[in-house]
Amino acid sequence: MMPEIAHTMPVLIRNDEDMAMLRECLDSLKGSMDHFVFYNQGGLSNYDLSSLIDAYLKDFTVLGKGTNDGIPFARQSCFQYIWVNLPAMQYITEIHPDMLFPKDWPQKLVEFLEDNKEEPCISPGILTKEGQWHPHGKGIFGAQIPSRTDELVDLLVEKQEEKVVEGFVHPVMHRASCLKKAGGYIVEDLPGMQGYEDDYLLLSYYHRLRLPENWKPKALLSIYVFHRTMAQRADFSNMEEESNKNLQGLLKRFGTQGIMDLQHIHSVKKKENIRGSIYFFGTSSDKDVPFIRGVNPYIIHSQISKERSLDQFEQEKASDGNVKNIAVVDHPYWLNSVSKICPQLTIARITEHVWNPTSALYRKGICAVADIILTDSEEIHWQLALSHPFILLCPSLNKKSHLLNEDEWGIYSDSDYYLKEIIESSFEDGDRTETWQGMINKQRQERIRGLQDILEWEPHNEVNLSLLAKYYYITQQYEEAENYFFQAFLRNVLVHKMDGLNRYYPGICLAQLRQGKTKEALNSYGILAQTDDMKQHYHQLLPLYNKEEYEWLQAEISRLLGDIRYARDLIDQTASPEADGSRYLFYRDMLDYKGCEEILRKRGDGVASAKEHWLLQGEKEELFGEPQRALHHYLQASIYEEKAIENILRLEAVDRFMDGGE
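## Topic: the pairing of strand S6 (residues 121-128)
Within S6, eight of the eight residues are buried, leaving the element largely enclosed by the surrounding structure. For S6 and strand S9 (residues 172-175), the ladder comprises two bridges, and the chain directions are antiparallel. The partner of isoleucine 122 across the bridge, within S9, is methionine 173. Pairing analysis gives six bridges linking S6 to strand S10 (residues 218-227), with the strands arranged parallel. Residue pairing for S10: proline 124 is matched across the bridge by leucine 220. Relative to strand S7 (residues 133-134), S6 runs antiparallel, the two sharing two bridges. If you follow leucine 127 over to S7, its bridge partner there is tryptophan 133. Linking S6 to S7, which pair antiparallel, is a turn of four residues; within it glycine 131 sits at a positive phi near 80°.

So this is what it looks like as structure tokens:
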């Protein structure tokens, strides 16, 4: 005896074509002894719809009031009706008015579920109006669609084969007990008219039924159904808005992990489809991360998740040495872990939260290895732009945002726009840095124009004057930069503030250096020299000026005031061996350990050289090698200077952070 089956179908009649499709569909189902539950979405009264159906089927129910309540609501109403009024039903299907069915089509689906008790659902194969066989032949033309219905049904029977493939399509048959346990389409999570309801239900199965980690939905090719596909889903003018409502509900219910699970559920066993892996270091476990098609994502927010993800990296590396790895780093303390995956692209996200003295060494380290840096602060943007070629400002970087945008690239939030563009460029042919530079130039020019417009209305706004000066400086408009830094300084003095000298004179001095105004820059630096250390340094620079060692002098001032890139260029032009002391400080500041070691070798043995040697070795191991070896090196350095113990305390602080502390 055939188990009891209930079929569910929302019906929307908009025109004569919809009516013709429904008649053809019902005719292909004529004579079925199963129960059918229809939901009237509009176009006909319940009486007229019932009268139409009655000519083909005997056991049916019509729900709804003739209004389009959306697909999730309609489907769920059918499910709930069956659970309450038809509890004996063992299987429930989802079918559509734009389908044609061969005779006894549910029988083989039932047999599959009877033989495979662990499976919650099964689909038949389908033929679309474009002549494609889904799910296995998606995107491939496979058949000419006959004009006559009987010939079309014959084609469906002719192509049947005893084969099961991975994939999910409609129609689908659910095991009624599993569907009820999963909850169906919970309408509070799916308030939109359509979109993501299939993904939602698959995730409900995956999580609530605790299905095996490698589970995927399946299709049985020993039965085929004709499905015009999307014939009734393309009539919403606000489709994207409605779809996004359901996406937010899916994310609320299943989180970012749900997006990752969907990538697995819908993945196809084709190696070439996987373009790489992206590791989010330091991203909190509840934060949305973008879903990127063809890229395996890993969120590393604790020591445990780190070890699990690095194990996965080793497996991928062993199976395919060409996998592209991308690292997105949200905290500098993850630097050592990043080095373990040898990423082809490293993106650092530096926020005000991590811009503090305790993480200074790690911050230098992550900036040194990062290919490009994103920051949420204009002040940090300014400081980093003086030492790194590729910096983008993302004001919403540190704010919680939802995955709202979907395109062929994936699903991402507004705050991830630049992240999306950067990652996308890494998979394209050509020089990715040209793409980055174009984005940076556009952003900075737009900001300059915006500040210029604001200053037309508020010409004496000190903050905006200084901001404009900084943008002029990093876009190499040094004369304008000097002018606006000086205007900001004058405004500060006029309102009797006391911090203008330290805030704006460094910029004035740097802009003068960039224009070749060495004497003026030295005078400006002398004005800045308020502390004993700076006064001493200023007096050390005067002999360099007198000896016309201008590159060396300019390099020293640039280094002290933060323009590290320019300072490095200048010191490399300084041939004098006497400059090795300054050169060592440059290399030390830029974590150029190789350059430091070369200078130490020239110095020969001595207490200072020995101490520096052990400190260098310790830092290299701490940042890029084995932290346990770093501990040994720091202990050796502490023999020469007790202050080296502070490095060991830093190691302990990082360990606490990695274990989940602060």
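## Digging into the sheet that holds strand S13 (residues 295-300)
The strand order across the open sheet formed by six strands is S13-S11-S14-S15-S16-S17, and the pairing between neighbours is parallel. Two strands bound the open sheet, and with one partner strand each, they are S13 and strand S17 (391-393). Pairs of neighbouring strands in the sheet enclose a mean axial angle of 20°, with direction left out of account. Taken strand by strand, helix H11 (residues 360-369) contacts strand S14 (324-329), strand S15 (345-350) and strand S16 (372-375), and its axis lies near 140° from that of S15.

## A short note on the environment of glycine 167
Within the secondary structure layout, glycine 167 lies in the loop between strand S8 (164-166) and S9. Remark: the alpha-carbon pair of glycine 167 and glycine 125, spanning 42 residues in sequence, is separated by 9.4 Å. Setting aside its immediate chain neighbours within four residues, glycine 167 contacts Pro135, Pro217, Lys218 and Ala219.

## With respect to the pattern of salt bridges
Evaluated as defined, the whole model comprises 35 salt bridges. A salt bridge links lysine 420 to glutamate 424; the nearest nitrogen and oxygen atoms lie 3.4 Å apart. Residue lysine 420 and its partner glutamate 424 are both found in helix H13 (residues 417-426); the two are separated by four residues, about one turn of the helix. Of the charged contacts in the structure, one is a salt bridge between lysine 611 and glutamate 612, with a shortest N-O distance of 3.8 Å. The pair lysine 611 / glutamate 612 is uniform in exposure class, with both members buried. Here the salt bridges do not stand alone but share partners, grouping Arg588, Lys611, Glu612, Glu619 and Glu641 into one network.

## Let's talk about the environment of histidine 381
In this fold, histidine 381 is placed in helix H12 (residues 378-385). Taking the relative accessible area as the measure of exposure, histidine 381 reaches 1% and is therefore buried. Once the C-alpha coordinates of histidine 381 and isoleucine 391 are considered, the two residues, ten residues apart in sequence, prove to be 6.7 Å apart. With residues up to four places along the chain from it excluded, the contact list for histidine 381 reads Thr375, Ile391, Leu392, Leu393, Gln443, Arg444, Tyr471 and Ile474.

## A look at the packing of helix H14 (residues 432-457) against helix H15 (residues 462-474)
Put simply, H14 and H15 touch, their axes get as near as 10 Å, and they point 150° apart. The angle between the axes of H14 and H15 places the two elements in the roughly antiparallel class. The interaxial crossing formed by H14 with H15 has left-handed handedness. Facing H14, whose interface residues are Arg444, Arg447, Ile448, Leu451, Gln452, Ile454 and Leu455, H15 presents Asn464, Leu465, Leu467, Leu468, Tyr471, Tyr472 and Ile474.

## Observations concerning the packing of aromatic side chains
Throughout the structure, instances matching the rule amount to 22 aromatic pairs. Judged by centre distance (6.1 Å) and plane angle (35°), the rings of phenylalanine 79 and tryptophan 83 are tilted. Linking phenylalanine 79 with tryptophan 83, this pair stays in helix H3 (residues 71-85), spanning four residues, or about one helical turn. Its end group placed over the ring of tyrosine 566, arginine 514 keeps NZ or CZ at 4.0 Å from the ring centre. It is arginine 603 that lies over the ring of tyrosine 584; its NZ or CZ is 4.7 Å from the centre.

## Considering the environment of isoleucine 259
As for its position among the elements, isoleucine 259 is in helix H8 (residues 239-266). Note on isoleucine 259: relative accessible area 3%, which makes it buried.

## Structural notes on the pairing of S10
Among the ten residues that make up S10, nine are buried, leaving the element largely enclosed by the rest of the structure. One ladder, built from two bridges, connects strand S5 (residues 99-100) with S10; its direction is antiparallel. Looking at S10, one finds that leucine 100 is bridged to phenylalanine 226. Both S8 and S10 contribute to a ladder of three bridges, which runs antiparallel. Looking at S10, one finds that valine 165 is bridged to alanine 219.

Quick notes on the rules
- Residues numbered from 1 in each chain as written.
- Predicted model: local features only at pLDDT ≥ 70, side-chain atom pairs only at ≥ 80, totals over all residues.
- Heavy atoms only, no water.
- Buried < 20%, exposed > 50% of the residue type's maximum accessible area, 1.4 Å probe, protein only.
- Helix = DSSP H or I, 4+ residues; strand = E, 2+ residues; numbered from the N terminus.
- Pairing = 2+ DSSP bridges.
- Axes fitted to C-alpha atoms, helices over the stretch in contact; angles between N-to-C directions.
- Contact = heavy atoms within 4.5 Å.
- Salt bridge = Lys/Arg side-chain N within 4 Å of Asp/Glu carboxyl O.
- Parallel < 35°, antiparallel > 145°, perpendicular 65-115°, else oblique.
- Left-handed = near helix turned anticlockwise from the far one by under 90°.
- Phe/Tyr/Trp six-rings, centres within 6.5 Å; stacked < 30°, edge-to-face > 60°.
- Lys NZ or Arg CZ within 6 Å of the ring centre and 35° of its normal.

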